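So you can see what is in the structure, the chains are spelled out below.
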Amino acid sequence: MANVTVIGAQWGDEGKGKVVDWLASRADLVVRFQGGHNAGHTLVVGNQTYKLSLLPSGLVRGKMGIIGNGVVVDPEALLAEIARVRAQGLTVTPETLRLAENATLILPLHAAIDRARETARGEKKIGTTGRGIGPAYEDKVARRAIRVCDLAEPETLSDKLDELLLHHNTLLAGLGAPTFDKQVLLDQLLAWAPEILPYAEPVWERLDEARRAGKRILFEGAQAVMLDVDHGTYPYVTSSNTVAATAAAGSGFAPSALGFVLGIAKAYCTRVGSGPFPSELHDETGRLLGERGREFGTVTGRPRRCGWFDAALVRQAIKVGGIQGIVMTKIDVLDGLKELRICTGYTINGAHYSYLPAAMRAQAAAQPVWETLPGWSGTTKGARSTAELPADAVKYIRRIEELIEAPIILLTTGPERDDTIMMRDPFEG
Ligand code: IMP
């Protein structure tokens, strides 16, 4: 099978960027299909560090990047990111980047509403990235969103702005936040139009042609299954579906041709923002994991909450996400720990659960059921074959494979691109 779909199997920040970069070198096209510039992928190539939010990671490898219709696109953020990576020497032109003409736009008012609502929630805030992702998706399903193709039709923009502002200015005023002026927004959109439209096209057609020509397509997910708007820890989630099936709907592509579905999971667990996290550590070990793993958000710089590997959660993500194999990242962060714990299920109000149930209070009450394993004294850092790994590290990996009921097919052992052990080639299916 030619194609591969990559999604996060925890709460995001699993190191998808590095894995996508590694796989992109063997792909012809790389496609983003959901989320927006709330995502943050850090790629280290030689002496350059690229921080991508909206651009498909394959661009760094000179591969064609496609932004699908399922992505919410902030034109200002997109143009700024293009300018930034160009300054680092990357070529980004309409020949290398294509944008779905039917993708939804994020406007400045979406970020304003996102932030005003978070402030109004106080203690109950979701901890969003404040970039307008949720409000933009809301407009999409409410059928009032401005889309990329509308930039070519000033009258459509004007009509849609009337409807948008009627809704949003009422809301902003109610939240005590400044309102937006139609003419200012219209001028802004018309100024972006000539810069954005050269990238726009029906990407579904290009993808269909690529599929027929037997090209290798890599679908690059953002966020992760536990942040999925249906399957995640709702309401502490993002506003899109992050499961593999979204790659088809979010780009206009045949679900039967999505190829091998690869899930990315850290050897431990992190999350940013609010919401349940049963295996979270509030002690010295948690602090150590954060420090060693350099666990700070790429987008917001917030410190990430850290905890032990939650096998019950990843098993659930594998099942609902359609994951066929796992890439385990950052195992080297566990080097030297005396013992390791794995969460294998939960106790909730006296009952045992092998999965995290959907109800909010049940999720908040979930207590982990632990299994303890010995740590290892050697190092996994930079290992490039299973034979180079300490025996107890291999035991840890094998035990996780049993618990999550899926194979670990790649292991990353350090920040360098080649610090990777391939146990099976995902492009081979
Ligand atoms: P939003 O996507 O900005 O609405 O944020 C909703 C939730 O998803 C918050 O908890 C964010 O911290 C989280 N989130 C969004 N994008 C990412 C990501 O790329 N990595 C990790 N968490 C994310």
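Residues numbered from 1 in each chain as written. Predicted model: local features only at pLDDT ≥ 70, side-chain atom pairs only at ≥ 80, totals over all residues. Heavy atoms only, no water.

### Topic: the pattern of salt bridges
Pairing between side chains of opposite charge can happen when the charged atoms of each approach one another.
(1) Moving on: Inspection of every chain in the model, using the stated rule, returns 25 salt bridges.
(2) Moving on: Note that Arg304 and Glu295 form a salt bridge whose closest N and O atoms lie 2.7 Å from each other. Side by side, Arg304 and Glu295 carry an identical accessibility label, which is buried.
(3) Moving on: The network of salt bridges with shared partners includes Asp13, Lys266, Glu295, Arg304 and Lys330. (Salt bridge = Lys/Arg side-chain N within 4 Å of Asp/Glu carboxyl O. Buried < 20%, exposed > 50% of the residue type's maximum accessible area, 1.4 Å probe, protein only.)

### Notes on the nonpolar core
(1) Moving on: Among the nonpolar cores identified, the biggest contains 111 residues, and Phe309 and Tyr396 are the most heavily contacted of them.
(2) Moving on: Counting 16 residues, the second largest nonpolar core, distinct from the first, contains Val19, Trp22, Ala24 and Leu262. (Core = buried A, V, L, I, M, F, W, Y, C linked by side-chain atoms within 4.5 Å.)

### Some thoughts on the domain arrangement of the protein
(1) Moving on: Here the protein is described as being made up of domain 1 (4-102 + 200-260), domain 2 (104-196) and domain 3 (266-428).
(2) Moving on: Residue-level contacts link 40 residues of domain 1 with 45 residues of domain 3.
(3) Moving on: In total, domain 1 and domain 3 occlude about 3500 Å² of area from one another, counting both sides; carbon and sulfur atoms represent 64% of this.
(4) Moving on: The three residues of domain 1 that bury the most area against domain 3 are Trp11, Trp22 and Phe260, which together make up 23% of that side's buried surface.
(5) Moving on: Here domain 1 and domain 3 share one salt bridge between them.
(6) Moving on: Summed over the shared surface of domain 1 and domain 3, the result is 10 residue pairs in polar contact (both at pLDDT 80 or more).
(7) Moving on: Mapped onto the side of domain 1 that touches domain 3, the elements with two or more residues apiece are strand E1 (4-8), helix H1 (16-24) and strand E3 (41-45). (Domains from an automatic or database assignment. Contact = heavy atoms within 4.5 Å. Buried area = accessible area lost by both parts, 1.4 Å probe. Polar contact = N/O pair within 3.5 Å; in protein donor to acceptor, adjacent residues only side chain to side chain. Helix = DSSP H or I, 4+ residues; strand = E, 2+ residues; numbered from the N terminus.)

### Considering the environment of His110
(1) Moving on: Among the structural elements, His110 can be located in helix H3 (residues 108-121).
(2) Moving on: In the structure, His110 is positioned 22 residues away from Gly132 in sequence and 4.3 Å away in space, judged by C-alpha atoms.
(3) Moving on: If near-sequence neighbours (up to four positions away) are discounted, His110 is found in contact with Leu105, Gly132, Pro135, Ala136, Asp139 and His168.

### A few points about the site of the ligand
(1) Moving on: Neighbouring the ligand are 16 residues, the closest being Asp13, Asn38, Thr129, Thr238 and Arg302.
(2) Moving on: Within the side chain of Gln223, a nitrogen or oxygen atom sits 3.2 Å from a nitrogen atom of the ligand.
(3) Moving on: In this structure, an oxygen atom belonging to the ligand sits 3.0 Å away from a side-chain N or O atom of Arg302.
(4) Moving on: Protein contacts shield 96% of the accessible area of the ligand, which totals 470 Å² for the unbound molecule.
(5) Moving on: Of the residues assigned to the shell around the ligand, the class counts are six nonpolar, eight polar and two charged. (Near = heavy atom within 4 Å. Areas by Shrake-Rupley, 256 points an atom, 1.4 Å probe, with all protein chains shown as cover. Nonpolar A, V, L, I, M, F, W, Y, C, P; charged D, E, K, R; others polar.)

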